[in-house]
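What the coordinates show
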Amino acid sequence: MDLQTVLGLATTHGYQGVELRAHPEEPVHPGLDTGQRAAAAREFRDAGVVVSAVAGYPQVAAPGPDEPVLAEIRALARLAHDLGSGCVRVFPGGGTAPGEEADAAAVRRLAAAARETAPLGVRVLLETHDSHRRAADVARVLAAVREREPGSEAGAGPLWDLMHTWLGGESPAQSLAAFGAVPDYVQVKDIASAEDTTPLPLGAGVLPLRAALRALGGHRYGGWLCWEYEKRWYEEAAPLGPLLAAGRARLDTLLSAGTGD
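All of the points below concern the structure found in this document.

About the thresholds
- Residues numbered from 1 in each chain as written.
- Predicted model: local features only at pLDDT ≥ 70, side-chain atom pairs only at ≥ 80, totals over all residues.
- Heavy atoms only, no water.
- Axes fitted to C-alpha atoms, helices over the stretch in contact; angles between N-to-C directions.
- Helix = DSSP H or I, 4+ residues; strand = E, 2+ residues; numbered from the N terminus.
- Parallel < 35°, antiparallel > 145°, perpendicular 65-115°, else oblique.
- Contact = heavy atoms within 4.5 Å.
- Nonpolar A, V, L, I, M, F, W, Y, C, P; charged D, E, K, R; others polar.
- Expected span 1.5 Å × (residues − 1).
- Buried < 20%, exposed > 50% of the residue type's maximum accessible area, 1.4 Å probe, protein only.
- Core = buried A, V, L, I, M, F, W, Y, C linked by side-chain atoms within 4.5 Å.
- Polar contact = N/O pair within 3.5 Å; in protein donor to acceptor, adjacent residues only side chain to side chain.
- Pairing = 2+ DSSP bridges.

Here we come to the packing of helix H5 (residues 135-148) against helix H7 (residues 172-179). Packing of H5 against H7 brings their axes to within 8 Å, and their N-to-C directions diverge by 5°. The angle between H5 and H7 falls in the class roughly parallel. Residues Ala135, Ala136, Val138 and Ala139 of H5 lie in contact with H7, whose contacting residues are Ser175, Ala178 and Phe179. Looking at side-chain class alone, the contact of H5 with H7 contains six nonpolar, one polar and no charged residues.

Given below as structure tokens:
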């Protein structure tokens, strides 16, 4: 979607932020020049909508040299900074590499990235995904990053994708316990089953949304709660626009229930 359409949907349905998929096929990506970035940032500012995160595709646990991965993260961090966002999303991407090797690569790269992005006011968020889909996996890597680079919390942290931790066998309570602290960025969605991850309207599937928002503290939760609707990969999924009002209402109801309001 073009930015005017995105911002129109966000403001019409009461969404405070938008997570931008920073792929070259999208309107906003690291290839934009200074003027284009400034124009995009102005559109968000004028609409009163925040760029909650710039979602990129670096794979920090993947085999291979570090520099291309770090260069990709730097580019995303500069874009996030120029758009007024404090977060970039990265994937593990360990693939078939042995677990210890994948962890070591992720730790090395995240520690280096944190040193560079923290001065920009941008955190690199490692998503619970693919080779490190459980909170326990991401927490293990980030604990090693903190040990390697004391104070790195300012530059690196977790992104909790509820679907992946659930597919990894963790309940929301187990995920929160593994993180050791409430993460400040959480992606929610809904799906039909572990075998069919086609996106559904919130509340129409099997993911434990109520338990997750209760674990986060309901309306006491102070971080980003992002509804990730991946129609890009599922052509048969319903269009997002008509679902936004009911989705916002569903999240409000679950947040209120989570605090007993």
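Compared with an ideal rise of 1.5 Å per residue, which puts 19 residues at 27 Å, helix H4 (residues 99-117) spans 26 Å between its outermost C-alpha atoms and is within 8% of the ideal. Burial in H4 covers these residues: Ala102, Asp103, Ala105, Ala106, Val107, Arg109, Leu110, Ala111, Ala112, Ala113, Ala114 and Thr117. In this structure, the buried residues of H4 make contact with strand S2 (50-59), helix H3 (66-83), strand S3 (87-91), strand S4 (123-127), H5 and strand S5 (156-161).

Let us now look at the nonpolar core. One finds Val54, Leu83 and Leu110 to be the most contacted residues of the largest nonpolar core, which totals 70 residues. Ignoring sequence-local partners within four residues, the contact set of Leu110 consists of Val60, Val90, Val124, Leu126, Val141, Leu142 and Val145. Judged by nonpolar contacts, the second largest core, of six residues, contains Ala53, Cys87, Leu159 and Tyr185.

A positive phi angle, near 35°, is found at Asp130, a position not held by glycine. Mapped onto the elements, Asp130 comes out in the loop between S4 and H5. Under the relative-accessibility criterion, Asp130 is labelled partly exposed at 31%.

For the rest of this paragraph, the subject is the side chain of Thr128. Examined against the element boundaries, Thr128 turns out to sit in the loop between S4 and H5. Exposure remark for Thr128: the relative accessible area of 0% places this residue in the buried category. A distance of 2.9 Å separates the side chain of Thr128 from the backbone nitrogen of Asp161, its partner in a polar contact. For Thr128, the residues in contact, after removing those within four places along its chain, are Arg133, Arg134, Ala135, Val138, Leu159, Trp160, Asp161, His164, Thr165 and Phe179.

Looking now at the sheet that holds S3. Strand pairing in a sheet relies on backbone hydrogen bonds, with the paired strands running either antiparallel or parallel. Pairing is parallel in the open sheet, where seven strands are placed in the order S1-S2-S3-S4-S5-S6-S7. Bordering the open sheet on either side are strand S1 (17-21) and strand S7 (224-227), each of which pairs with just one other strand. Across this sheet, the average inter-strand angle for adjacent strands is 30°, counted without regard to direction. One ladder, built from four bridges, connects strand S6 (residues 185-188) with S7; its direction is parallel. Bridging across to S7, Val188 finds its partner in Trp227.

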